[in-house]
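If you want the building blocks of each chain, they are given just below.
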Amino acid sequence: MQDYDLFTYWFIGGVVLMLLEFLLPGGIVFFLGLGATLVSLLLYTGLIEGWIQAFTAWFVGSLLLLFGLRGVVQKLIPAQVERGRTDEDLDAYDQIAQVAETIPAGGEGRITFRGSTWAAKHYHDDQALEAGTPVRIVFRDNLLWTVEAIDPSEREHPKE
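Residues numbered from 1 in each chain as written. Predicted model: local features only at pLDDT ≥ 70, side-chain atom pairs only at ≥ 80, totals over all residues. Heavy atoms only, no water.

Draft legend 1. Quick peek at the overall build of the protein chain. Across its full length, the protein chain carries 5 helices and 5 strands. Reading the protein chain from its N end, one meets helices and strands in the order α-α-α-α-β-β-β-β-β-α. Sorting the 160 residues of the protein chain into buried and exposed places 27% on the buried side. Sequence-distant contacts in the protein chain: of pairs separated by 6 or more residues, those separated by 24 or more amount to 48%. Of the roughly 11100 Å² of accessible surface on the protein chain, 59% is carried by carbon and sulfur atoms. (Helix = DSSP H or I, 4+ residues; strand = E, 2+ residues; numbered from the N terminus. Buried < 20%, exposed > 50% of the residue type's maximum accessible area, 1.4 Å probe, protein only. Contact = heavy atoms within 4.5 Å. Areas by Shrake-Rupley, 256 points an atom, 1.4 Å probe, with all protein chains shown as cover.)

Have a look at this one:
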């Protein structure tokens, strides 16, 4: 095998690794490919010869590139990160649900909320809520939602 062939293999391997970055984003595969491309340049100029020196240069070069330039590249090309609310309870407060099973005065029933039924109790223990009644979520204690009846005038003009 000639040194020129070795140069070609390393160059093609480096380009393929850099292109794989589009399929495996994260920045690591790109730097491995960049390291392989630099090894091909060292082989072409005659600074290194053979597979052992090529693999050693690739390993060391890729690590130096990865740790040395990855932070710089991430600052120049920021990742697309979507930060959403993580507290589901805050999103649920003041939302409208419907009583699925009657909530007796001082007892527990069930409400339908976000496509599922949940255990619930009435905020005012002295009143019962019949099935089908729209209610507003007040708070949650573990898996038990606390709800209150919606004022009939509010049903026509809900809070914003």
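Further notes follow.
Draft legend 2. Here's a closer look at unusual backbone geometry. Although it is not a glycine, R114 adopts a positive phi angle of roughly 55°. Within the chain, N142 stands out as a residue other than glycine whose phi angle is a positive 60°. Structurally, N142 is set in the loop between β4 (134–141) and β5 (144–149).

Draft legend 3. Fine view of the pattern of salt bridges. Counted under the stated rule, the structure contains 1 salt bridge. Where D94 meets R136, a salt bridge forms, and the shortest distance between an N and an O atom there is 3.5 Å. Here the residue D94 occupies a position in the loop between α4 (88–92) and β1 (96–101), and R136 occupies one in strand β4, the gap between them amounting to 42 residues. On the accessibility criterion, R136 (6% relative accessible area) is buried. (Salt bridge = Lys/Arg side-chain N within 4 Å of Asp/Glu carboxyl O.)

Draft legend 4. Quick look at the environment of G109. With respect to the secondary-structure elements, G109 resides in strand β2 (residues 108–113). Judged by relative accessible area, which is 6%, G109 ranks as buried. Apart from residues no more than four positions distant in its own chain, G109 is found in contact with E101, T102, I103, W118, A119 and A120.

Draft legend 5. Region of the structure containing the packing of aromatic side chains. By the definition in use, this model includes 11 aromatic pairs. A centroid spacing of 6.2 Å and a plane angle of 85° characterise the contact between W118 and W145, whose relative ring orientation is edge-to-face. Here W145 lies in strand β5 and W118 lies in strand β3 (residues 116–122), a separation of 27 residues in the sequence. A relative accessible area of 2% means that W145 is categorised as buried. In textbook terms, an aromatic cluster arises when at least three aromatic residues are bridged by ring pairs, as seen for W10, W51, F55 and W58. (Phe/Tyr/Trp six-rings, centres within 6.5 Å; stacked < 30°, edge-to-face > 60°.)

Draft legend 6. Structural detail: the sheet that holds β4. If you trace the 5 strands once around the closed barrel, you get β1-β2-β3-β5-β4, paired in mixed fashion. Averaged over all pairs of adjacent strands, the angle between their axes in this sheet comes to 55°, without regard to strand direction. Note: β1 against β2, 3 bridges, orientation antiparallel. By the bridge assignment for β2, Q98 is matched with T112. (Pairing = 2+ DSSP bridges. Axes fitted to C-alpha atoms, helices over the stretch in contact; angles between N-to-C directions.)

Limitation: the analysis is restricted to geometry and does not speak to function.
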